[in-house]
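# Architecture and fold: a report
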Amino acid sequence: MSDSTERFDLPETDEEWREVLTDEEYEILREQGTEPKFTGEFIGKDDEGTYVCAGCGAELFDSETKFDREGSGWPSFYDAAEDSVELRRDTSHGMDRTEVVCANCGGHLGHVFDDGPDPTGKRFCINSAALDFEGEE
Ligand code: FE
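Figured I'd write up the structure that's included with this text. (Residues numbered from 1 in each chain as written. Predicted model: local features only at pLDDT ≥ 70, side-chain atom pairs only at ≥ 80, totals over all residues. Heavy atoms only, no water.)

This part takes up the pairing of strand β1 (residues 49-53). Most of β1 sits inside the fold, with 4 of its 5 residues counted as buried. Where β1 and strand β2 (residues 59-62) come together, 3 bridges link them in antiparallel fashion. If you follow Thr50 over to β2, its bridge partner there is Asp62. Taken together, β1 and the strand that follows it, β2, pair antiparallel across an intervening segment of 5 residues, in which Gly57 is found at a positive phi of about 85°. (Buried < 20%, exposed > 50% of the residue type's maximum accessible area, 1.4 Å probe, protein only. Helix = DSSP H or I, 4+ residues; strand = E, 2+ residues; numbered from the N terminus. Pairing = 2+ DSSP bridges.)

Okay, here's the thing in structure tokens:
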């Protein structure tokens, strides 16, 4: 979405979601897709600000919690904003993982693993295309 701060009634149907999301955002947020490794726009970005959901604008991750995990092709965070995400077991693709979804719109964001740094030990491995960045003024 071009203006992620804009609030609007959440789309209800797949058709309505297709109207407000790009094809890539739709594939990831609504169809549990994954962007190719090392292609996302937020890899290596270290500006201060807030990462919000590309689907609904909800605040998800603070830049303070962002870190680079060598070899991971996606942006990593060690924590999510309070009550901003829901975790679901995901056994697709022959793996047993924990899916991370936006608590507000249900959009798929990525997965969370237990090999992150202190203080949480968590590594939220998130698709850049599922996020928009809002820099500090
Ligand atoms: Fe959302």
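Another point: the coordination of the iron ion. Within the protein, Cys53 (SG), Cys56 (SG), Cys102 (SG) and Cys105 (SG) serve as the donor atoms for the iron ion, at 2.3 to 2.4 Å. Coordination at the iron ion is tetrahedral, judged from the 4 donor atoms that bind it and the angles of 102 to 116° they form at the metal. All donors of the iron ion belong to a single chain; written as a sequence motif, their spacing is C-x2-C-x45-C-x2-C. (Donors = N, O, S within 2.8 Å, 3.2 Å for Na, K, Ca; no water. Tetrahedral: all angles 85-135°; square planar, octahedral: opposite > 155°, others 65-115°.)

Below, the discussion takes up the layout of surface pockets. Each pocket or cavity is described by its volume, and for the largest pocket that value is around 310 Å³. Taken together, 18 residues form the lining of the largest pocket, with Thr34, Trp74, Arg97, His108 and His111 sitting closest to its centre. Looking at the lining of the largest pocket, the elements with two or more residues in it are β6 (97-102), β7 (108-113) and β8 (123-126). A total of 4 residues in the lining of the largest pocket trace back to one element, the largest contributor, which is β7. (1 Å grid on protein atoms, 1.4 Å probe; cavity = no way out; pocket = protein on both sides within 12 Å on 5 of 7 lines; lining within 4 Å. Points joined across faces, edges and corners; volume = space filled by probe spheres on them.)

In this section: the packing of aromatic side chains. Summed over all chains, the structure comprises 6 aromatic pairs. Ring centres 5.2 Å apart and planes at 65° place the aromatic pair Tyr51 and Phe77 in the edge-to-face group. One end of the pair, Tyr51, is in strand β1; the other, Phe77, is in strand β4 (residues 76-77), and 26 residues separate them in sequence. Residue Tyr51 shares its accessibility class with Phe77, and that shared class is buried. Positioned above the aromatic ring of Tyr26 is the side chain of Arg18, whose terminal nitrogen or guanidinium carbon lies 4.0 Å from the ring centre. Its guanidinium or amino end placed over the ring of Phe133, Lys45 lies 4.5 Å from that ring's centre, counting from NZ or CZ. (Phe/Tyr/Trp six-rings, centres within 6.5 Å; stacked < 30°, edge-to-face > 60°. Lys NZ or Arg CZ within 6 Å of the ring centre and 35° of its normal.)

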